[in-house]
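Each chain is listed here by its residues.
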Amino acid sequence: MRHRRDLFVLPILIGAVALLIWNGTSFFETMKAAGEEFTDDLKIASTTLTLNVALILFGWRYYVDVQQEVQRRAESEERAARIASTDGMTGLLNRKGLSEAGEEVRESARAAGRHATIISLRLNRFKSINDRHGYDVGDEVLRRIANGISEAAGEHARVARVAGDEFAILTTMAPDRRERIETLAQALLEIAIRPILIDEKLIHVGAFAGIAATPPEDLVIRDLLRRADIAQAEGRAGRIARPVWFDERMERELVAHGEIEQGIRVGLENEQFKPYFEPQVDLATGEVIGFEVLARWEHPLSGLIGPDRFIPVAEENGLIDELSDQVARQALAAAAEWEKPVDVSINISATQLNDSWLAQKIVRLLAETGFPAERLIIEITESSLFADPELARAITTSLKNQGVRVALDDFGTGYSSLAHLRALPFDRIKIDRSFTASLHRDRESEAIIRAVTTLAAAIDVPVTVEGVETARAHSALLQYGCQFGQGWFFGKPMSSDQAAQLVRKREPEARTEAPAKPAKRSRA
Ligand code: C2E
Ligand code: CA
Ligand code: CA
């Protein structure tokens, strides 16, 4: 359009000017021939000349208008393109803008013999800043961090905000100078975690960073960004406070993770998750007083899979609810039929404690399986109390009102603090098996077990010690005053049929050998 009009106006103007020259010459010739007289020829020549001048003026005006319109259009096209490639809030590039910058970076990296690299930087728990201080403060935090990153990244880097709380820095590096890009990433990380003062409030933001690099000929921005993101997610999962380099292993693990998730979905549909029962005994009498339910995946191809492999994946993908329900339902239904009334303990994950309906779900499960509330113990770990202590308290209080007991699991491993013992009225404290394992090697473990037992006795809460593997450990624990114990010395996790048999006898048959066939897992 623009070119067609240009092509059309310019020749006419040139033609008109040529005509004007020819008209002018013939006008002067006519004037000379006419002398003093105003002849008809002179009239025609002067009119033609006037029309010609008018045509040129008109044509010129039109030409200028067209030029201006063309320029206006180009500017607005450019503005639209810029808006489409930038992030309105921070003025950085957005995902599209970053992709577009790829071409240029590829060329410059190729020319300089460098690699293209992306640093992925994600703020930690940014949502809670919005929740706590409001969106205006959240936006301001983002803008300040964006400015800081832009400045530090330098003029050759392209900086983008690729998601609400995620930045990507695209630049190049000499292939043998990885440490330089690491230093830059570390500097950006430090900018992001620097406390920010807004409205007299000091705001702390955490952040994690990942780095990925590629030779320019293989550069596809989307893929490079995904790799940097994977590395960053690995850093986040491991709470690693420095930038993490992408490596192929991470991608393979991600695929395996995805396969496990898919497998869990299929396993849930086909009821492949089964409760196994680990006996808990009265240390003084050896009597079986209950069982801890431990999930096992009876996989049709891989055999028996332990919970360490699938519980974390199920937690991450929102499948833990259904999985726990499947396992606990079978466990309680089976235990309701046993000849003698023994306790059953089930494990509750931190993610389950974030569900405000958890107490109702457990009560319904009890009603549906006919298992008495008074014989159920739920085990929760200390660390799971942190996410939302108020909700955890509400859930446990509501369960306790129904008669369900609550045990504090893995005591001594995490943030063990006496405050937790006071915060919730626990009915039992479970000492983590790491202390039992090192009981005879490490005086500290012995001291801790003794101290916890004394403390528990003072507040009148019985102690269960996990991981009792030997007769020697058993007698030592008895001597320290621990009431209950579990571990391979008393029996490995067993099927519900085997558990039913054991209940009938009440006492483990062989103390030196496991009555059940050992579970096929790395830790067991
Ligand atoms: P946990 O609750 O601390 O469970 C005790 C773990 O110690 C079990 O591992 C058990 O097999 C193992 N163990 C017991 N006695 C001994 C012993 O004498 N020596 C040694 N070396 N190990 C012993 P498991 O079954 O692999 O369970 C691992 C964790 O998975 C559990 O730790 C629990 O946190 C979680 N878990 C298991 N089943 C479920 C479930 O149904 N739901 C949820 N949410 N978590 C579960
Ligand atoms: Ca447990
Ligand atoms: Ca435990």
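Details of the structure are given in the entry above.
Nothing here was measured: the structure is a model prediction, and the numbers come from that model.

1. Regarding the nonpolar core
Moving on, step 1. In this structure, Ile264, Phe291, Trp338, Leu376, Ile378 and Leu477 are the most contacted members of the largest nonpolar core, which totals 75 residues.
Moving on, step 2. When residues of this core are assigned to their parent elements, the largest contribution, seven residues, is made by helix α10 (residues 320-336).
Moving on, step 3. In contact with Leu376, not counting residues within four places along its chain, are Leu332, Val344, Ile346, Ile362, Leu366, Phe371, Val404 and Arg405.
Moving on, step 4. Within the second largest apolar cluster, 32 residues are counted, among which are Leu123, Ile145, Ala157 and Leu189.

2. Points about the coordination of the calcium ion (ligand 2)
Moving on, step 1. Around the calcium ion (ligand 2), the protein contributes the donor atoms Glu292 (OE), Asn347 (OD1), Glu379 (OE) and Asp409 (OD), at 2.1 to 2.4 Å from the metal centre.
Moving on, step 2. For the calcium ion (ligand 2), all donor residues lie on one chain, and their spacing in sequence is E-x54-N-x31-E-x29-D.
Moving on, step 3. Between the calcium ion (ligand 2) and the calcium ion (ligand 3), both coordinated by Asp409, there is a metal-metal distance of 3.7 Å. You can see Glu292 sitting in strand β9 (residues 288-299) and its partner Asp409 sitting in strand β13 (residues 405-411), a full 117 residues away along the chain. This pair shows no difference in class: Glu292 is buried, exactly as Asp409 is.

3. Description of the pairing of strand β6 (residues 206-214)
Moving on, step 1. Within β6, seven of the nine residues are buried, which leaves the element mostly enclosed by the surrounding structure.
Moving on, step 2. In the sheet, β6 pairs with strand β7 (residues 244-245) via two bridges, with the strands oriented parallel. Across the sheet, residue Gly210 finds its bridge partner in β7, namely Val244.
Moving on, step 3. The parallel pair β6 and β7 is bridged by helix α7 (residues 221-237), and the resulting crossover is left-handed.

So, how was this worked out
- Residues numbered from 1 in each chain as written.
- Chains lettered and ligands numbered in written order.
- Predicted model: local features only at pLDDT ≥ 70, side-chain atom pairs only at ≥ 80, totals over all residues.
- Heavy atoms only, no water.
- Core = buried A, V, L, I, M, F, W, Y, C linked by side-chain atoms within 4.5 Å.
- Buried < 20%, exposed > 50% of the residue type's maximum accessible area, 1.4 Å probe, protein only.
- Helix = DSSP H or I, 4+ residues; strand = E, 2+ residues; numbered from the N terminus.
- Contact = heavy atoms within 4.5 Å.
- Donors = N, O, S within 2.8 Å, 3.2 Å for Na, K, Ca; no water.
- Pairing = 2+ DSSP bridges.
- Right-handed = clockwise from strand over helix to strand, strands pointing away.

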